[in-house]
Amino acid sequence: MKIAVLIKEVPDTGEDRLLNLETGLADRAATEVVLDEISERTLEVALKHADANPDTEITVLTMGPGSAQATLRKGLAMGAASAVHISDEELLGADLVLTAEVLAAALRRGNYDLILTGNMSTDGSAGVLPVMLAELLDLPAATSLSSVEISDGTISGSRELEGASTKVSAPLPAIASIAEALPDARFPNFKGIMAAKKKPIETLSLADLGVEPLPADTARSIMVSVAQRPARTAGTVVTDDGEAGNALAEFLIKNNLA
């Protein structure tokens, strides 16, 4: 089985992230970048399947700047066999439509049986890329899975809802996205780190994929405005003098919270 795992380099969630108010993009130069935690968990799903099925071939794939090579190497050190890096200056600030088109073009080249991705990245948090890819690739999608089972010809799992859960399955080839409820990823060991240095990373540009960054006949999302998040203000303090209950009720009604 051939599995592609989509991974992403993101600003470290443990640090304050800054937004460039002119471009609307995250200021990556001001923050350390790391492999997204949801990407690690997604790769772990593929690796666990490979542990039990030695004929599994895992490829990690990302779209990003040159620094993303480090995240690919980490994926290789964890156990992936190969990597694909889509890197092109014209992709700086790419919206979700262009991102999906580029990733779909790269995925078509691999003829993968299964494409795994996180349900959403920690920087963009859009949560729509898996279904966009499924539409572009004409594949079934099993999304936001909190448990995963991969068998011959099928991927299945459960999706947690508010107060309930639902069982989801799809025939292969398919796309599946996983939620943070799945276990943490394994740490790369010394043997894996050394082996990763010899594993191949294929670098692709937009020209290689035959994708135009801004075709004239395609509408793209446009940023209308961007503003810095306002500073936190002190909350309302109610002193209980016997009327605190009434004061709380009035506050809830006034703010349409009742």
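Residues numbered from 1 in each chain as written. Predicted model: local features only at pLDDT ≥ 70, side-chain atom pairs only at ≥ 80, totals over all residues. Heavy atoms only, no water.

**Description of the overall build of the protein**
Phase 1 of the analysis: When you go through the protein residue by residue, the secondary structure sums to seven helices and 12 strands.
Phase 2 of the analysis: Counting all 258 residues of the protein, 39% fall into the buried class.
Phase 3 of the analysis: Long-range contacts, defined here as pairs at least 24 residues apart, represent 68% of the contacts in the protein between residues at least 6 apart.
Phase 4 of the analysis: Put simply, the protein shows about 15000 Å² of open surface, and 52% of that area lies on carbon and sulfur atoms. (Helix = DSSP H or I, 4+ residues; strand = E, 2+ residues; numbered from the N terminus. Buried < 20%, exposed > 50% of the residue type's maximum accessible area, 1.4 Å probe, protein only. Contact = heavy atoms within 4.5 Å. Areas by Shrake-Rupley, 256 points an atom, 1.4 Å probe, with all protein chains shown as cover.)

**Some remarks on the pattern of salt bridges**
Phase 1 of the analysis: Scanning the entire structure with this criterion turns up six salt bridges.
Phase 2 of the analysis: Where E37 meets R41, a salt bridge forms, and the shortest distance between an N and an O atom there is 2.6 Å. Note that E37 and R41 are positioned in helix 1 (residues 37–52) at a spacing of four residues, about one turn of the helix.
Phase 3 of the analysis: E202 is paired through a salt bridge with R109; the nearest N and O atoms lie 2.7 Å apart. A residue pair is termed long-range when its members are at least 10 positions apart, and E202 in strand 12 (residues 201–204) and R109 in helix 3 (residues 96–110) qualify at 93 residues.
Phase 4 of the analysis: Taken together, the shared-partner salt bridges in this structure form one network comprising E37, R41 and D184. (Salt bridge = Lys/Arg side-chain N within 4 Å of Asp/Glu carboxyl O.)

**Overview of the packing of aromatic side chains**
Phase 1 of the analysis: Counted by the stated rule, this structure contains zero aromatic pairs.
Phase 2 of the analysis: Stacked on the ring of Y112, the Lys or Arg K2 has its end atom at 5.4 Å from the ring centre. (Phe/Tyr/Trp six-rings, centres within 6.5 Å; stacked < 30°, edge-to-face > 60°. Lys NZ or Arg CZ within 6 Å of the ring centre and 35° of its normal.)

**Looking at the sheet that holds strand 8 (residues 147–151)**
Phase 1 of the analysis: Reading across from one edge, 8-9-10 is the order of the three strands in this open sheet, with antiparallel pairing throughout. Where the open sheet ends on each side, the last strands, each with one partner, are strand 8 and strand 10 (164–171). The mean angle between the axes of side-by-side strands here comes to 15 degrees, regardless of whether they run parallel or antiparallel.
Phase 2 of the analysis: Taken together, the eight bridges between strand 9 (residues 154–161) and strand 10 define a ladder with antiparallel strand orientation. From the neighbouring strand, G157 faces strand 10, where its bridge partner is V168. (Pairing = 2+ DSSP bridges. Axes fitted to C-alpha atoms, helices over the stretch in contact; angles between N-to-C directions.)

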